[in-house]
Amino acid sequence: RADRKAKKVNNTKNRVMGKTRAGIPMEIRRIIGEKVIEGKRSFIIDISNLGLPYVPKQVMDSIYLHELDADHNILDEIEGSIGRMAGLKVLSLSWNRIEGPLPKGMW
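All figures in this text were calculated on a predicted structure; none of them were measured in a lab. (Residues numbered from 1 in each chain as written. Predicted model: local features only at pLDDT ≥ 70, side-chain atom pairs only at ≥ 80, totals over all residues. Heavy atoms only, no water.)

**Overview of the sheet that holds strand β2 (residues 67-69)**
(1) Moving on: Taken together, 3 strands build an open sheet; the order of strands is β1-β2-β3 and the sheet is parallel. Strand pairing shows two members of the sheet lacking a second neighbour, β1 (44-46) and β3 (90-92), which therefore form its edges. Between one strand and the next, the sheet's axes are offset by a mean angle of 5°, whatever the strand orientation.
(2) Moving on: Pairing analysis gives 3 bridges linking β1 to β2, with the strands arranged parallel. Within β2, the residue paired with I44 across the bridge is E67. (Pairing = 2+ DSSP bridges. Helix = DSSP H or I, 4+ residues; strand = E, 2+ residues; numbered from the N terminus. Axes fitted to C-alpha atoms, helices over the stretch in contact; angles between N-to-C directions.)

See below:
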């Protein structure tokens, strides 16, 4: 029981000014969640203009996607796990900070 209480205290310390440990504000996480739900119907997720430093896991796990728009964020790399998105036909990454090559096995 003491362990659970200590863990709870640590979790609340990590949430400062509406941000999670991952650095994405809670409001943006809520918006992303809504877009993932909407994307299940349209097969498109648009996470542009959200100031994201990375593509969130819940988006990367959306294997049903045909199109992912992540323009105008602060992405500096794309994880190799994006290759698991077998149905992905369109990936838009304009106006980010990506300089290196895209992960192998992506195309």
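**Thoughts on the nonpolar core**
(1) Moving on: If you look at the biggest cluster of nonpolar residues, it comprises 21 residues, and the most contacted ones within it are I32, I47, V55, L68 and I82.
(2) Moving on: Within the residue set of this core, elements represented by two or more residues are α2 (26-42) and α3 (57-60).
(3) Moving on: Among the elements that take part in this core, α2 stands out by supplying 3 residues, more than any other.
(4) Moving on: Apart from the residues within four sequence positions on either side, V55 is in contact with I47, M60, L68, L75, I78 and E79. (Core = buried A, V, L, I, M, F, W, Y, C linked by side-chain atoms within 4.5 Å. Buried < 20%, exposed > 50% of the residue type's maximum accessible area, 1.4 Å probe, protein only. Contact = heavy atoms within 4.5 Å.)

**Brief notes about the side chain of D69**
(1) Moving on: By the secondary structure assignment, D69 is in strand β2.
(2) Moving on: Of the buried charged residues, D69 lacks a salt bridge, with K35 as the closest side chain of opposite charge at 9.0 Å.
(3) Moving on: With residues up to four places along the chain from it excluded, the contact list for D69 reads I44, I45, D46, I47, S48 and S92. (Lys, Arg positive; Asp, Glu negative; His and termini not counted. Salt bridge = Lys/Arg side-chain N within 4 Å of Asp/Glu carboxyl O.)

**Concerning unusual backbone geometry**
Of all residues except glycine, most have a negative phi; of all peptide bonds, most are trans.
(1) Moving on: With phi around 65°, F43 is a residue other than glycine that occupies positive phi space.
(2) Moving on: Mapped onto the fold, F43 is located in the loop between α2 and β1.
(3) Moving on: For H72, which is not glycine, the phi torsion reads 55° and is therefore positive.
(4) Moving on: Positionally, H72 belongs in the loop between β2 and β3.
(5) Moving on: Given a relative accessible area of 40%, H72 falls into the partly exposed group.

**Examining the pattern of salt bridges**
(1) Moving on: Counted by the stated rule, this structure contains 4 salt bridges.
(2) Moving on: A salt bridge links R30 to E27; the nearest nitrogen and oxygen atoms lie 2.3 Å apart. Placement of both R30 and E27 in helix α2 is noted, with a separation of 3 residues, approximately one turn of the helix.
(3) Moving on: By relative accessible area, R30 is classed as partly exposed at 41%.
(4) Moving on: A salt bridge links D61 to K57, with the nearest nitrogen and oxygen atoms 2.6 Å apart.
(5) Moving on: On the basis of relative accessible area, K57 is assigned to the exposed category, the value being 59%.
(6) Moving on: It is possible to trace a salt-bridge network through shared partners that takes in E27, R30 and E34.

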